[in-house]
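# Structural characterization, general
The chain contents come next:
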Amino acid sequence: MKKQIIGGLLAVSMVASMGTMSVAAAEKDNADIKIGFSSKDNSDTFVAAIADAAEARAKELGVELLMYDAGGDVNKQISDCETLLAAGVDALVVIPQSVEGSAPVVGMANDAGVPIIVDNGDIGDTNYTAFVGCTDQESGELLGKWFIEESGLKEGDKVAIIEGPMGQVGRMAGFEEVGLLDYFDVVATQTANWKRDEAMALAEDWITTYGEDLKAIICENDDMGMGALSAAQAAGRDDIIIGGVDGLEDAVQAVKDGTYGVSVLQDSAGQGATGVDVAVAAAKGEEIAKDTRIPFRPITKDNVDAYLEGGVEAISGDAAETKEEAAEETTEGETEEKAAEEEAAE
């Protein structure tokens, strides 16, 4: 099965042209389409951003979207999906609360003959219609490389890692892939369950325990990163380097302010909108990709202004390269002009 990789939002026409599989369905107008959306926990800032983007895209397309929030309860998510399927949705989008715990919703949708789109997170039953999201290991690799190559830290420095629930397997695999766990002296690794307040409490404890020896706190998401940042600032430890994943608004602002090293952008808008795009295409029986991946993008002091001005497209692919080339050309032009002036003065 072909894997589709895109840089940002996916237009309906693009979804229709992916050409890897099709879902049998009668042709429908957008106004006649009803999409069910089961979110895992909208109290999570990033997940809420995906849900908001999905709602905005559905409104833009003129389709009905029924949104349910499981509130972090896998049993409620299964019940929500049962309710949505009973309501006669034409396609179901699910952000899984649990890889294994949420897996039954795939079979439920298949039994009901309803296309199911898995959005953002992995799920144990892979017999879904399509997947839309990112590759978590990539985010771990990008975050790890930044801490090794660009943070200013030295080999052997003491760092701590705040994980997602029960360890975020993909991101930790990314750390391992780039050698982060060997490069640094990792003095502590513990979960804060994606929660800002839990991460703040962890960081407070570590700052007390390891004192001046603690040089960095590496976080598997920005909510936890911002909690760690609050703890560091409260302790007067502005020297502790902190970074995370998601591209949350306050994390990006902290990058700009110079208090947060890096936020690896996970494109919530792209995942939410594209999930709806694929669901609508599936509901119409159009050809869709089985697997659509949206790349991560590191936001650092070097590109944060471009991101704030132009969004994800400004730091993606050709657009980012064009900006860099323009900056280089400007610098070269200024250097040549200065040299000419000095030569004329001589």
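Residue numbering note: each chain is counted from 1, following its sequence as written. Local features are withheld for residues below a pLDDT of 70 in this predicted model, meaning they are given only at 70 or higher, and side-chain atom pairs are given and counted only at 80 or more; totals for whole chains, interfaces and linings count all residues. The basis for the side-chain values is all heavy atoms of the structure; hydrogens and waters are excluded.

## Quick notes on the overall build of the protein chain
This is how the line gets drawn: We count a stretch as a helix when DSSP gives it H or I for four or more residues in a row; a strand needs E for two or more, and each element gets its number in order from the N terminus. A simple rule labels every residue: compare its accessible area, found with a 1.4 Å probe on the protein chains alone, to the largest value its type can have, and call it buried under 20%, exposed over 50%, or partly exposed in between. For the area figures, the Shrake-Rupley method with a 1.4 Å probe applies, and any residue is considered shielded solely by the protein chains shown.
In terms of helices and strands, the protein chain carries 13 helices and 15 strands. A total of 346 residues make up the protein chain; the buried ones form 51% of that total. Of the roughly 15400 Å² of accessible surface on the protein chain, a fraction of 46% belongs to carbon and sulfur atoms.

## Some points on the nonpolar core
Stated formally: Each nonpolar core is a collection of buried residues, namely Ala, Val, Leu, Ile, Met, Phe, Trp, Tyr and Cys, held together in the definition by side-chain atoms within 4.5 Å. By definition, residues are in contact when any of their heavy atoms lie within 4.5 Å.
Counting 80 residues, the largest nonpolar core has Ile 35, Phe 147, Ile 162, Ile 217 and Ile 242 as its most contacted members. Each residue touching Ile 35, except ones within four places of it in the same chain, is listed here: Val 63, Glu 64, Leu 65, Leu 66, Val 89, Ala 91, Val 93, Ala 279 and Val 280. Counting 18 residues, the second-largest nonpolar core is a separate cluster that includes Val 89, Leu 92, Met 108 and Ile 116.

## Remarks on the pattern of salt bridges
The criterion, for reference: We count a salt bridge whenever a side-chain nitrogen from Lys or Arg sits within 4 Å of a carboxyl oxygen from Asp or Glu.
In this structure the tally under the stated criterion is 14 salt bridges. Of the charged contacts in the structure, one is a salt bridge between Lys 158 and Asp 185, with a shortest N-O distance of 3.3 Å. Taken together, the residues Lys 158 in strand S8 (residues 158-163) and Asp 185 in strand S9 (residues 185-191) connect sequence positions 27 residues apart. Using a relative accessible area of 30% as the deciding quantity, one classes Lys 158 as partly exposed. Using a relative accessible area of 32% as the deciding quantity, one classes Asp 185 as partly exposed. The salt bridge involving Arg 196 is made with Asp 250; its shortest N-O contact spans 2.7 Å. Placement of the pair is Arg 196 in helix H8 (residues 196-210) and Asp 250 in helix H10 (residues 249-257), with a sequence separation of 54 residues. What makes Arg 196 partly exposed here is its relative accessible area of 30%.

## Considering the sheet that holds strand S10 (residues 214-219)
Put simply, the rule is: For two strands to pair, DSSP has to find at least two bridges joining them. Helix axes are fitted only over the stretch in contact, all axes being lines through C-alpha atoms; the angle between N-to-C directions runs from 0 to 180 degrees.
One open sheet holds the six strands; their spatial order is S9-S8-S10-S11-S12-S15, and the pairing between them is mixed. The strands lining the two open edges of the sheet, one partner per strand, are S9 and strand S15 (297-299). Strand-to-strand twist of the sheet, defined as the mean angle between neighbouring strand axes without regard to direction, takes the value 15 degrees. As defined by bridge partners, S8 adjoins S9 across six bridges and the pair is classed as parallel. By the bridge assignment, Glu 163 is partnered in S9 with Thr 191. Its contacts with the sheet place helix H5 (residues 136-149) against S10, strand S11 (241-246), strand S12 (262-265) and S15, and it is angled at close to 160 degrees to S11.

## A few points about the confidence of the model for the protein chain
Convention followed: Summary of the metric used: pLDDT quantifies the predictor's per-residue confidence within the range 0 to 100.
Residues with a pLDDT of 70 or more make up 83% of the protein chain, whose mean pLDDT is 88. Counting contacts from residues 7-19, a segment whose pLDDT is below 50, to residues more than four positions away or on other chains yields 37 contacts. Confidence drops under a pLDDT of 50 for residues 318-331, and excluding neighbours within four residues, the segment shows seven contacts in the predicted structure.

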